[in-house]
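Each chain, letter by letter, is given below.
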Amino acid sequence: MSETSAATPAAQTGQQPLARRGAAHDSAFLRAARGEPVPHTPVWFMRQAGRSLPEYLKVREGIPMLDSCMRPDLVKEITLQPVRRHKVDAAIFFSDIVVPLKAVGIDVEIKGGVGPVIADPIRTAADLRRLRPLEPDDMPYITEAVGLLVDELGGTPLIGFAGAPFTLASYLVEGGPSKSYENTKAMMYGAPELWAELVDRLAGITAAFLKIQIEAGASAIQLFDSWAGALAPEDYRRSVLPASTKVFDAVAGYGVPRIHFGVNTGELLGLMGEAGADIVGVDWRVPLDVAAERVGPGKGLQGNLDPAVLYAPTAVVEAKAREVLDAAAKAVGDSHHIFNLGHGVMPSMDPDALSRLVAFVHEVSAR
Ligand code: CP3
């Protein structure tokens, strides 16, 4: 697959994206992602960039969330903040799963404390016509921000990401966050052809968003199917797996590690691996050695400390982190494990507790 598209900023930096990405090739994160021996277990945190950091709140002051995602200098600064502060082994690109929806013209905003809100939900065949494909030139600000970051990060890998078709569909159909996904499931069960067309279009948009990030220099990608845990395995297999598989297939040729994560997906772990992931992200409900049996051989695991443990005293955090590392060792041996929380950092978390956790995991896993 071509590493040099018209959308890459190679001409501006004088370096090919592949060469820039190469600086991180031997990082602990990418070695673990490939299942190679590592100097220590790599750590990063979902939602590490964001509201738990005072320096984040300061630079975001007065700037709406989605506007901030379109300003490369700001994206660069916010992405780097947790790397500087916590010494995590990877950066996650600061953006949001709904940014590509906005880029194709969907009227979406992120309401503080609520999440993405869609002005006109998509529920009919006529609505679906509003969801056009994402073209590489729709997001010049993403290409620019990734390019700036990869140059600055050097040996620290940048993880690109996107929302998976089901999770994006849930926002588009419900019009916002939901607990029971009744409109989404009504379409999935009651209008299967319309549903298939919706998730297929979303797979195209998601794949295009990931390609933009990879071609600009991202070293790995994570597909967030945060809300897929609402589905029974057979419904996931029938109605969601084909679309998520299409996303993983579309980026397979780049050779960058692909992570697949959702919350409450204990019953879906095998299928989420089957979709094409190299690494399956696990929430805190399933120990990693059990998760490994469900995922099957040959794939890495990411996770899975209960985020709420971070509110307990340090000694407890460390004991629970050790349990995660021990379960990982049983599951996948010394490598092929990336330490993370079972879901994202919470806004009220003490940033120092996160920094201490990174140092602890590095120290006790050193080999
Ligand atoms: O640090 C990082 O993880 C990188 C940036 C990132 C954000 N959103 C920034 C953000 C990533 C990877 C996401 C992914 C995302 N967005 C997911 C999947 C991950 C997950 O946690 O399950 C989902 C479901 C969304 C949709 C979304 N966007 C939600 C549910 C929210 C939170 C709403 C709230 O305020 O409680 C957002 C907003 C959002 N995305 C914030 C950040 C830093 C907070 C908004 C702000 O600071 O104003």
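The structure we're discussing is the one just above.
Cut-offs used in this document
Residues numbered from 1 in each chain as written. Predicted model: local features only at pLDDT ≥ 70, side-chain atom pairs only at ≥ 80, totals over all residues. Heavy atoms only, no water. Near = heavy atom within 4 Å. Polar contact = N/O pair within 3.5 Å; in protein donor to acceptor, adjacent residues only side chain to side chain. Areas by Shrake-Rupley, 256 points an atom, 1.4 Å probe, with all protein chains shown as cover. Nonpolar A, V, L, I, M, F, W, Y, C, P; charged D, E, K, R; others polar. Salt bridge = Lys/Arg side-chain N within 4 Å of Asp/Glu carboxyl O. Helix = DSSP H or I, 4+ residues; strand = E, 2+ residues; numbered from the N terminus. Buried < 20%, exposed > 50% of the residue type's maximum accessible area, 1.4 Å probe, protein only. Phe/Tyr/Trp six-rings, centres within 6.5 Å; stacked < 30°, edge-to-face > 60°.

Caption draft 1: Representation of the site of the ligand in the model. Around the ligand, the surrounding shell holds 27 residues, and the nearest of these are R47, R51, Y56, S226 and H343. Contacts to the ligand include R51, whose side-chain N or O atom sits 2.8 Å from an oxygen atom. The contact in question runs from an oxygen atom of the ligand to an N or O atom on the side chain of R60, over 3.0 Å. For the ligand, the protein covers 92% of the area, taking 880 Å² as the surface of the free molecule. For the shell around the ligand, the residue count by class is 15 nonpolar, eight polar and four charged.

Caption draft 2: Focus on the pattern of salt bridges. Tallying each qualifying case throughout the model produces 18 salt bridges. Notably, a salt bridge pairs D235 with R238, separated by 3.1 Å at the nearest N-O pair. Within this pair, D235 and its partner R238 are both found in helix 13 (residues 233–239), separated by three residues, close to a single helical turn. Looking at D235, the relative accessible area reads 14%, which means it is buried. Through salt bridges with shared partners, a single ionic network connects D26, R31, R34 and E36.

Caption draft 3: The arrangement of the packing of aromatic side chains in detail. The final tally for this structure, using the stated rule, is five aromatic pairs. When the ring of F161 is compared with that of F224, the centres are 5.6 Å apart and the planes differ by 85°; the resulting orientation is edge-to-face. Of this pair, F161 sits in strand 4 (residues 158–163) while F224 sits in strand 5 (residues 220–224), and the two are 63 residues apart along the sequence. An aromatic cluster of at least three residues, connected via ring pairs, comprises F161, F224 and F261.

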